[in-house]
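The residues making up each chain are set out below.
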Amino acid sequence: MRSRSGAALCSGLLVKAWLGLGCAVLLAAGCGDDVAPSAADSGTSTGGDIDTESDSDDPPAQPIDPAAVPTPKAGRLTDVQYRHTVLDVLGVALTDEDLEALPADIPTGRDYSTTLEPQFFNSNYVLAYAELARIASAQLDPDALVSQYGGCAQLDPSCREDLVSGLGQRLFRRPLTDQESTRYLDLAVAIAQADQTDETHVVRGIVQAMMQAPQFLYRIERETDGTAGELRTIDGYELATRLSYFLWQSAPDAALLEFAAGPAGDGVFDEDAVAPQIERMIADGKFVRARTLFWGDYTMAVRSTFGTSDTALSDALRSSLLATLDRISGSQGQPQPLSELFDARQLVMTPAVAELAGATPIGDGLQVYDVADTVERLGVVTHPAFLASIGTTSFVGRGLFLSERLLCQHVAEPPPEVEDEIESTAQATSDMTPREASEFRFGLEAVCRGCHTQFEPVAYAFERYDMLGRHSATDDQGRPLYSDGLLPAFGDRPEISFHDARQLLASLAGVDAVYGCLVENMTQFGTGLPVNLRGDFHDLATSTFIDEGRTFDALARAIANSEQRTLLRVVEP
């Protein structure tokens, strides 16, 4: 849903908030008022064409194809982002039980939980947000809130204006308009004049109203400001919001909003100050949220059952995989290059998971295991949990997942006219080994063969790993399994011949294209939008990521610093 639909969205948000008063107040806050004060309001344009001139001796920059910047969308805060925002801004830690009514955002297919396209909104969200606003307002400390955002030592009507201004800026991620401020101040007066109310009710009522406003629930940008089809540089508040919901999965803090205001206070940010802000955010403890969420989505560990009904084993697999990726990312010391996805010799596992990997348990709980001497283990991709998270041994299922995540070979949905053939093929191959079934599919009509011959070969290397990632030379019927194959060339990636998973992964570790694929995955995770490779942003970010050591921090930094992060393609009103 685009931000210009905000007024229509508002009609679904005019819900009754019970403010603890025994009376209902309609939340018309923000309906149709989703344009923030900006450089455009002060007469200073931040939009228009991108300046390609330079006073230096460097050659002029190439004009940017507007189509290289994704079509903007107003992204709803995900359940994770909502939870972190409430904690960081209001100091209220919502529990899992509190959030039960809010539909969870989970990764599906090639999408991440942050992807905007699958997002929807219905009455369940309206009711959930109303209840969560009530819960949060009941748990917050009104005195602390007034002190933090109103600058008053105690609750007092004279603090209302500063409270509305300060709290509104944090929740809406930009200064309130005069009309918005007036609306919330009028609401405060109405609450104060009701029977049996005091200033505590006023504070809680303002919080409830702001928490149900579209300007809080959606990350709205001024996407219609300018000439349709052209690019404009976003303002400081839009950039601060993009960065904070990428690197922190939460709202901008006070320092980031100060940066957003710019040196003149008009929302035109200082370009030289962007990189230092990104470094500050990566160094902040809140950055772990992005790391945890990315790896949980990337591996599907956040929602996978790992092909087992044993919940204890499923939990052990999940914790082992995420702990391995956390360790590589530098959570407990020096970060490792993300080539460890393909060539790591040390994996973090519980005793139960270590047995699946063919290693001898060395203690209780999560431990670091050297798997160099185990059978065909190399890289996180051969971690039992990584393979188990896929939930199938089929070359189709494994091939699609590995092609998407490791190689960025995106396969379109099969056309409707082959549905009958898909069903008959599944029946015909039900008793075959994965390789026999794959070879059978390669003999099908070209409309099927063309795709299957691209994404299935990568799965050949993992034929000897069962549903739980255990290695075996034969299947449960005693039939031999193999691990050799040929990965076809694709784009800048050369053809790779391999005799087992270790050889394939070791070869991939030296191919720049797989690091470009990590950049593509992180870009989609960070923006919530599909990656458009028409511009040079992707190549520049990939080069930066590789040059800076291929660590997780370098990956996030390359995306955050990309010029694409500061651009918006203007759309029709």
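Predicted model, so just to flag it, every value in this text is computed and none were measured.

## Examining the confidence of the model for the protein chain
(1) Moving on: Of the residues in the protein chain, 87% have a pLDDT of 70 or more, and the chain-wide mean is 87.
(2) Moving on: Low pLDDT, under 50, characterises residues 1-60; the predicted model gives this stretch 125 contacts beyond four residues in sequence or across chains.

## Points about the pattern of salt bridges
(1) Moving on: Evaluation of the coordinates by the stated rule reveals 27 salt bridges.
(2) Moving on: Where Glu-404 meets Arg-110, a salt bridge forms, and the shortest distance between an N and an O atom there is 3.1 Å. Residue Glu-404 is found in helix α17 (residues 395-407), and its partner Arg-110 is found in the loop between α2 (79-90) and α3 (123-139); the two are separated by 294 residues along the sequence.
(3) Moving on: For Glu-404, a relative accessible area of 9% translates into the label buried.
(4) Moving on: On the basis of relative accessibility, which here comes to 36%, the residue Arg-110 falls in the partly exposed class.
(5) Moving on: Salt bridges here are not isolated pairs; linked through shared partners, they connect Arg-222, Asp-225, Arg-232, Asp-235 and Glu-238.

## Details of the environment of Gln-139
(1) Moving on: Here Gln-139 shows up in helix α3.
(2) Moving on: The class for Gln-139 is partly exposed, based on a relative accessible area of 44%.
(3) Moving on: For Gln-139 and Arg-204, which are 65 residues apart along the polypeptide, the C-alpha to C-alpha distance reads 9.4 Å.
(4) Moving on: With near-sequence residues (within four places) excluded, Gln-139 lies in contact with Val-92, Ala-93, Asp-98 and Arg-204.

## With respect to the side chain of Ser-314
(1) Moving on: With respect to the secondary-structure elements, Ser-314 resides in helix α13 (residues 311-329).
(2) Moving on: Apart from the residues lying within four places of it in its own chain, the contact partners of Ser-314 are Ser-304, Thr-305, Phe-306 and Thr-308.

## A short note on helix α23 (residues 512-527)
Turn by turn, an α-helix covers 3.6 residues, leaving residues three or four places apart pointing in a common direction.
(1) Moving on: Over its 16 residues, α23 runs 23 Å from end to end, which matches the ideal 22 Å to within 8%, given 1.5 Å per residue.
(2) Moving on: Of all 16 residues that make up α23, 13 are buried, and the element is covered over most of its length.
(3) Moving on: Positioned one or two residues after α23, Gly-528 has a phi angle of 75°, which is positive.

## Overview of the state of the cysteines
(1) Moving on: Scanning the entire structure with this criterion turns up two disulfides.
(2) Moving on: Here Cys-408 pairs with Cys-517 through a disulfide, and the sulfurs are 2.2 Å apart. The sign of the 85° torsion about the S-S bond sets the Cys-408-Cys-517 disulfide as right-handed. Remark: Cys-517 occurs in helix α23 and Cys-408 occurs in the loop between α17 and α18 (419-428); sequence separation between them is 109 residues.
(3) Moving on: Given a relative accessible area of 10%, Cys-408 falls into the buried group.
(4) Moving on: Here the cysteine-cysteine linkages of the protein chain are recorded as 1-2, 3-4, numbering only bonded cysteines and doing so in sequence order.

## Points about the packing of aromatic side chains
(1) Moving on: All told, the structure shown has 24 aromatic pairs when counted by the stated rule.
(2) Moving on: Aromatic side chains Phe-294 and Trp-295 sit 5.1 Å apart centroid to centroid with 65° between the ring planes, which places their arrangement in the edge-to-face category.
(3) Moving on: With a relative accessible area of 0%, Phe-294 lands in the buried category.
(4) Moving on: What makes Trp-295 buried here is its relative accessible area of 2%.
(5) Moving on: Clustering of aromatic rings is evident, with ring pairs tying together Tyr-82, Phe-120, Phe-121, Tyr-125, Tyr-129, Phe-216 and Tyr-218.
(6) Moving on: Directly above the aromatic system of Trp-248 lies the positively charged group of Lys-286, at a separation of 4.0 Å from the ring centroid.
(7) Moving on: Geometry around Tyr-112 places Arg-405 over its ring, the cationic atom sitting 4.6 Å from the centre.

The rules behind these values
- Residues numbered from 1 in each chain as written.
- Predicted model: local features only at pLDDT ≥ 70, side-chain atom pairs only at ≥ 80, totals over all residues.
- Heavy atoms only, no water.
- pLDDT = per-residue confidence, 0-100.
- Contact = heavy atoms within 4.5 Å.
- Salt bridge = Lys/Arg side-chain N within 4 Å of Asp/Glu carboxyl O.
- Helix = DSSP H or I, 4+ residues; strand = E, 2+ residues; numbered from the N terminus.
- Buried < 20%, exposed > 50% of the residue type's maximum accessible area, 1.4 Å probe, protein only.
- Expected span 1.5 Å × (residues − 1).
- Disulfide = S-S within 2.5 Å.
- Phe/Tyr/Trp six-rings, centres within 6.5 Å; stacked < 30°, edge-to-face > 60°.
- Lys NZ or Arg CZ within 6 Å of the ring centre and 35° of its normal.

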